[in-house]
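# Close look at the chain arrangement
This is what each chain is made of:
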Amino acid sequence: MTSRLTEDAYWDAGYAAHQEPVPLALDSFRHRADRRIVELIEAVGLDGRRVLEVGAGNSAVLSCLAARHRDGEFAGLDYSPTGCALLARRAELEGVRIRVLHQDLFAPAPDLRGQFDVIFSIGVVEHFTELPSVLGAMRTLLAPGGRMVTIIPNMAGIIGSLTRRWNRAVYDLHVPHDRASLVKGHGDAGLDVTEAAYLCSTNFGVLSSCFRSEQDPGWTTYLWLTRLTKLLWRVEDVVGELPRTARFSPYIYAVSRHAA
């Protein structure tokens, strides 16, 4: 049986901290990670497709994709009412059409099954103890031949090591998958993996969830690491992408196909 490592209150508290939604910016080296995530999802083909994000509360990525591919049909599913309300507000402010689905992934409305050509998630599946179970639930919403893009933080690398050191409670909300275990989970869920790799050379900004205030242990080190990230991204814009490694890359992703 699948256990969810996070409670509703965890996500609602995070959503409650958000101010008025700000559109995703992709035009600067400072937003390199967001740009790479958007490009990865776009690479499977979104024009004219039915696209669903799972765990879409207040998703800037979903609204950005909806704005860039206006002939597609976009939807976002989340079990948090606060997250869904923020997503609806974001869509309204950014002038995009997004169907907001306040539903539990494991008990979706029957009319959602097999309805989506593309499903993606960012930082969702690692919060469940049984990876094939949560991926299998997502697979039921995918049309035959549909594509899935799964992106998770690389908690098996330096990001996980620092999270465990600075905030063990946050670390314990994640299953620390590596590339091999992510691929295996997809296969066990009946998905054919067509591509799996590490994404971006670095992004120490991922560690922001470890801190509640500037007085927390590790804050100063974290601040300098985020500055290092921006410096490296600037270098990449000039000389080309740096290596993506199991130790330092902030994300792992898998692209898969419904094995129907």
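A brief structural summary. (Residues numbered from 1 in each chain as written. Predicted model: local features only at pLDDT ≥ 70, side-chain atom pairs only at ≥ 80, totals over all residues. Heavy atoms only, no water.)

Where nonpolar side chains cluster on the molecular surface, the patch consists of Leu228, Leu231, Val235, Val238 and Val239 and spans about 440 Å² of accessible area. Position of Leu231 among the secondary structure elements: in helix H9 (residues 219-239). Its relative accessible area of 52% is what places Leu231 among the exposed residues. (Patch = residues over 30% accessible without salt bridge, like charges linked within 9 Å, V, L, I, M, F, W, Y side chains within 5 Å. Areas by Shrake-Rupley, 256 points an atom, 1.4 Å probe, with all protein chains shown as cover. Salt bridge = Lys/Arg side-chain N within 4 Å of Asp/Glu carboxyl O. Helix = DSSP H or I, 4+ residues; strand = E, 2+ residues; numbered from the N terminus. Buried < 20%, exposed > 50% of the residue type's maximum accessible area, 1.4 Å probe, protein only.)

Across soluble globular proteins, you tend to see nonpolar side chains buried next to one another. Ranked by internal contacts, the top residues of the largest apolar core, which has 32 residues, are Ile41, Leu46, Leu65, Phe74, Ile98, Phe120 and Val149. Among the nonpolar cores identified, the runner-up in size contains 28 residues, and Phe116, Leu141, Ala196 and Ile252 belong to it. (Core = buried A, V, L, I, M, F, W, Y, C linked by side-chain atoms within 4.5 Å.)

This part is about the pattern of salt bridges. Summed over all chains, the structure comprises 12 salt bridges. Its salt-bridge partner being Arg32, residue Asp237 comes within 2.6 Å of it at the nearest N-O pair. Separated by 205 residues along the polypeptide, Asp237 in helix H9 and Arg32 in helix H2 (residues 32-42) bring together distant segments of the chain. Residue classification places Asp237 among the partly exposed residues on the basis of a relative accessible area of 36%. Here Arg36 makes a salt bridge to Glu241, at a shortest N to O gap of 3.5 Å. Pair noted here: Arg36 is in helix H2 and Glu241 is in the loop between H9 and strand E7 (251-258), with a separation of 205 residues, a long-range link.

With that settled, the discussion passes to the layout of surface pockets. Computed from the structure, the second largest pocket encloses a volume of approximately 290 Å³. In terms of lining, the second largest pocket is formed by 15 residues, of which the most central are Gly72, Glu73, Phe74, Arg97 and Arg99. For the lining of the second largest pocket, the element with the highest residue contribution is strand E2 (residues 73-78), accounting for 3 residues. Among the residues forming the lining of the second largest pocket, the class breakdown is 6 nonpolar, 4 polar and 5 charged. (1 Å grid on protein atoms, 1.4 Å probe; cavity = no way out; pocket = protein on both sides within 12 Å on 5 of 7 lines; lining within 4 Å. Points joined across faces, edges and corners; volume = space filled by probe spheres on them. Nonpolar A, V, L, I, M, F, W, Y, C, P; charged D, E, K, R; others polar.)

Look at helix H4 (residues 81-94): 20 Å from first C-alpha to last across 14 residues, which is about the 20 Å you get at 1.5 Å a residue. When we look at burial in H4, the residues that qualify are Gly83, Cys84, Leu86, Leu87, Arg90 and Ala91. Take H4 and look down its axis: the buried residues cluster within an arc of 160°, on one side only. Where H4 ends, the next residue or the one after it, Gly95, has phi of about 70°, a positive value. (Expected span 1.5 Å × (residues − 1). Arc of directions from axis to C-beta.)

Here we come to the pairing of strand E3 (residues 98-102). Of the pairings in the sheet, the one linking E2 to E3 comprises 5 bridges and is parallel in character. For Ala75, the partnering residue across the bridge sits in E3 and is Arg99. Remark: the E2/H4/E3 crossover connection has right-handed handedness. (Pairing = 2+ DSSP bridges. Right-handed = clockwise from strand over helix to strand, strands pointing away.)

Take helix H8 (residues 179-188) next. For H8, the complete set of buried residues consists of Leu182, Gly185 and His186. Taken around the axis of H8, the buried residues stretch over an arc of 100°, which confines them to a single face. Those residues of H8 that are exposed and angled more than 90 degrees off the buried face are Ala180 and Lys184. The N-cap residue of H8 is Asp178: its side-chain oxygen and the backbone nitrogen of Ala180 are 3.3 Å apart. Positive phi shows up at Gly190, right after H8, with a value of about 80°. (Polar contact = N/O pair within 3.5 Å; in protein donor to acceptor, adjacent residues only side chain to side chain.)

Mapped onto the elements, Glu42 comes out in helix H2. Setting aside anything within four residues of it in sequence, one finds Glu42 in contact with Leu65, Arg68 and His69. (Contact = heavy atoms within 4.5 Å.)

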